[in-house]
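Notes for the structure review
As a plain string of letters, each chain reads:
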Amino acid sequence: MDERRLGVVSGLSAYALWGLFPLYFPLLEPAGGLEIVAHRVLWSLLVVGILLTVLRRWAYVRALVTDRRRLLVLLGAAVLIAANWLVFVYGVNSGHVVETSLGYFINPLVSVLLGVVVFSERLRRLQWVAVGIAAVAVVVLTVDYGRPPWIALALASSFGLYGLMKKLVRTEAAPGLFVETALVALPAAVVLGIAHSAGDGTFGNAGVGHALLLASSGVATAIPLLLFAAAARRIPLSTVGLLQYLTPSMQLAIGLFVYDEPMPPARLAGFAIVWVALAVFTADTLRHARADSRRAAAEAVPAGP
């Protein structure tokens, strides 16, 4: 299998696994959202630690923890991804799968806006059009829900900010994830300790199968991330950008056809407006990616003797 094909397969696998999460997290009940996230942190730490040992990547971890600036940025990233996990688990287990899918549909547009605010990046005209259309969609969905779609907005903003933090600290996936989870491991352990001392902890109290499912959250976290890292190394970012829509599309389908969540006409109109915004954004991104590729190819051709 050539590198590009391997990258596409890895990317599809990562996004498909993330897309199945709305079917996975309800299996972890009766554990509550905070307990699930705490287990996810601690089991992820164990799984990634084993991976680092197998891959012999501990030197990368040492380099991260001895750099105070990068460590502080990773602490911010850890808090953001933990918040993202908590909101996602809450959304899925409270019957708002459709709204969680909306968060990941609009995430690329939020990331673009963060680039403008934080890095003073300049948006092209069609990118501004896409952002404006998405803003209209949020207004439409606010009217439909009777409130701002805060679950979607919280997911999009927390994951967008997490991506921004990761951009500030370029590191391999496994060492970065290990340091992030290690930084929030103590609070996670405290949460579980308090829950069990109060008699609310479910690990070991709801059967062996439930305990194994909670432990599996470490694998469920690490595997898609490593597949994504493998994809990002082998295929262009424009291709990664197209593949990412698989996750919210699967989540939307699960919300509608598995959990029978409602999709009234006004909500459907809001989603349709979001899809129009994404179509404009994607078309502009692909057009400029092709132009950049042609320019790079032209510059690589020797001018002659």
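Nothing here was measured: the structure is a model prediction, and the numbers come from that model. (Residues numbered from 1 in each chain as written. Predicted model: local features only at pLDDT ≥ 70, side-chain atom pairs only at ≥ 80, totals over all residues. Heavy atoms only, no water.)

1. Digging into the overall build of the chain
In terms of regular secondary structure, the chain is built from 15 helices and zero strands. For 305 residues, the compact-globule estimate of 2.2 N^0.38 gives 19 Å, and the C-alpha radius of gyration of the chain, at 21 Å, lies within 12% of that figure. Taking the principal axes of its C-alpha atoms as reference, the chain extends roughly 75 × 55 × 40 Å. Sequence separation of 24 or more characterises 86% of the internal contacts of the chain that already satisfy a separation of 6 or more. Treating the 23 positive side-chain charges of the chain as one cloud and the 16 negative ones as another, the clouds have centres 11 Å apart. (Helix = DSSP H or I, 4+ residues; strand = E, 2+ residues; numbered from the N terminus. Rg over C-alpha atoms; globule rule 2.2 N^0.38 Å. Contact = heavy atoms within 4.5 Å. Lys, Arg positive; Asp, Glu negative; His and termini not counted. Charge placed at Lys NZ, Arg CZ, Asp CG, Glu CD.)

2. Focus: the UniProt feature "domain: EamA" (unreviewed entry) in the chain
The UniProt feature table records "domain: EamA" (unreviewed entry) at residues 6-142. Between the C-alpha atoms that bound residues 6-142 the distance is 41 Å, and the span itself is 85% helix and 0% strand. (UniProt positions renumbered as here; feature names shortened; annotations may be inferred.)

3. Considering the packing of aromatic side chains
Enumeration according to the criterion identifies 16 aromatic pairs in this entry. Considering the side-chain rings of Y15 and F228, the 6.1 Å spacing of their centres and the 80° angle between planes classify their relative orientation as edge-to-face. Taken as a pair, Y15 in helix α1 (residues 3-19) and F228 in helix α12 (residues 217-234) lie far apart in primary sequence, 213 residues in all. Overall, the relative accessible area of 8% leaves Y15 in the buried class. Look at F21 and F25: their rings are 5.2 Å apart centre to centre, the planes differ by 80°, and that puts the pair in the edge-to-face class. (Phe/Tyr/Trp six-rings, centres within 6.5 Å; stacked < 30°, edge-to-face > 60°. Buried < 20%, exposed > 50% of the residue type's maximum accessible area, 1.4 Å probe, protein only.)

4. Here's the deal with the environment of V112
Structurally, V112 can be placed in helix α6 (residues 97-119). A residue is classified by how much of its surface remains accessible, and V112, at 14% relative accessible area, is buried. Filtering out sequence-adjacent residues up to four positions away, V112 remains in contact with L123 and F281.

5. Observations regarding the pattern of salt bridges
By the definition in use, this model includes eight salt bridges. Two residues, E172 and R57, come together in a salt bridge whose shortest N-O distance is 2.9 Å. On the criterion of sequence distance, the pair formed by E172 in the loop between α8 (150-168) and α9 (173-183) and R57 in the loop between α3 (33-55) and α4 (58-65) is long-range, its members being 115 residues apart. For E172, a relative accessible area of 32% puts it in the partly exposed group. Among the salt bridges present, the one from R267 reaches D144, with a minimum N-O distance of 2.5 Å. One end of the pair, R267, is in helix α15 (residues 265-300); the other, D144, is in helix α7 (residues 125-145), with 123 residues separating them in the sequence. Connected via shared salt-bridge partners are R124, D284 and R287. (Salt bridge = Lys/Arg side-chain N within 4 Å of Asp/Glu carboxyl O.)

6. Quick look at the packing of α6 against helix α14 (residues 246-257)
Their axes nearest at 8 Å, the elements α6 and α14 cross at an angle of 165°. It follows that α6 is roughly antiparallel to α14 by the angle criterion. The element α6 and its partner α14 pack so that their crossing is left-handed. The segment α6 lies against α14, with V97, V98, T100, S101, Y104 and F105 engaging P248, S249, Q251, L252, G255 and L256. When its residues are assigned to classes, the contact of α6 with α14 shows seven nonpolar, five polar and no charged. (Axes fitted to C-alpha atoms, helices over the stretch in contact; angles between N-to-C directions. Parallel < 35°, antiparallel > 145°, perpendicular 65-115°, else oblique. Left-handed = near helix turned anticlockwise from the far one by under 90°. Nonpolar A, V, L, I, M, F, W, Y, C, P; charged D, E, K, R; others polar.)

7. Some words on the nonpolar core
Residues F21, F25, L28, I36, F88 and L155 are the most contacted members of the largest nonpolar core, which totals 35 residues. The leading source of residues in this core is helix α5 (residues 68-93), at nine residues. Residues contacting F21, with those up to four places away along its chain left out, are P26, R40, F88 and A220. Among the nonpolar cores identified, the runner-up in size contains 23 residues, and F105, A152, V274 and A277 belong to it. (Core = buried A, V, L, I, M, F, W, Y, C linked by side-chain atoms within 4.5 Å.)

8. Observations concerning the packing of α9 against helix α10 (residues 185-197)
At a minimum axis separation of 4 Å, α9 and α10 run at an interaxial angle of 45°. Here α9 lies oblique to α10, going by the angle between them. Here α9 contributes T181, A182 and L183 to the contact with α10, which in turn contributes A185, L186 and P187. Looking at the contact of α9 with α10 residue by residue, the class counts come to five nonpolar, one polar and no charged.

9. Notes on unusual backbone geometry
Here E29 and P30 are connected by a cis peptide whose omega angle stands at 20°. Structurally, the position occupied by P30 is in the loop between α2 (21-24) and α3. A positive phi angle is found at R56, which is not glycine, with a value near 55°. As for its placement among the helices and strands, R56 is situated in the loop between α3 and α4. On the basis of relative accessible area, R56 is assigned to the exposed category, the value being 73%. Here the phi dihedral of D260 falls at roughly 55°; this positive angle occurs in a residue that is not glycine. In this fold, D260 is placed in the loop between α14 and α15.

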